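# Examination of the molecular architecture
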Amino acid sequence: MGLLFSSRAKPAAAEGDSHVVAIHSESAWNDHWKSHKDSSKLMVIDFSASWCGPCRFIEPAFKAMAAKYTDVVFVKIDVDELSEVSEQWKVQAMPTFVLVKGGSEVGRVVGAQKDELERKIQQLRV
C-alpha cells in the first residue's frame, strides 16, 4: 500500500491540496482497485480527457465535491492514458462518472451533470 500513492497516483491538481487521486498507469489503477474493491466506502471515478470541454467545465465542481465529501474516494482517469480501464468500465462518452461500492458499480452519470452527480453521491455515500 506504500506505493499506492507514489508518483504513479497523485492528486489531480498540482496546486493546493486536492482530494482527487489522479491515476496515470494501469498498475496504479490495479493497486488502487485492489485496496478499495472490498470496501463499503463509495468511490467516484471520473473518466475524462484533457481535450474534453465538458470535462474541463465540471472539474472544479468535482474537486469541490471531493473536498466536501471526505468520506468518499474520488479518482480521475484520463481515457487516453488508460483506454483499457475505460473500456473495462464501458465508458463511451466523457465525462462519465462511475460510482462504485463493494467492488460493484452502484451508479453512473454521463455528461457534465453536476447536480445529478452530487445527488447520487449524497444518496450512495451512506
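The rules behind these values
Residues numbered from 1 in each chain as written. Predicted model: local features only at pLDDT ≥ 70, side-chain atom pairs only at ≥ 80, totals over all residues. Heavy atoms only, no water. Disulfide = S-S within 2.5 Å. Buried < 20%, exposed > 50% of the residue type's maximum accessible area, 1.4 Å probe, protein only. Salt bridge = Lys/Arg side-chain N within 4 Å of Asp/Glu carboxyl O. Helix = DSSP H or I, 4+ residues; strand = E, 2+ residues; numbered from the N terminus.

In the nomenclature of an unreviewed UniProt entry, the chain is known as Thioredoxin H2-2 of Elaeis guineensis var. tenera.

Under the counting rule described, the total for this entry stands at one disulfide. Residue pairing for Cys52: its cysteine sulfur links by disulfide to Cys55, the two sulfurs lying 2.4 Å apart. Between Cys52 and Cys55 the sulfur-sulfur dihedral comes to about 75°; the bridge is accordingly right-handed. Given the relative accessible area of 5%, Cys52 is considered buried. Given the relative accessible area of 3%, Cys55 is considered buried.

The next subject is the pattern of salt bridges. Using the criterion set out here, one finds six salt bridges in the structure. Glu59 is paired through a salt bridge with Lys63; the nearest N and O atoms lie 3.5 Å apart. In this pair, Glu59 and Lys63 are both assigned in helix H2 (residues 53–68), four residues apart and thus about one turn of the helix distant. For Glu118, the salt bridge is made with Lys68, and the minimal N-O distance between the two is 3.1 Å. Of the two residues, Glu118 is situated in helix H4 (residues 114–124) and Lys68 in helix H2; the sequence distance between them amounts to 50 residues. For Glu118, a relative accessible area of 18% translates into the label buried.

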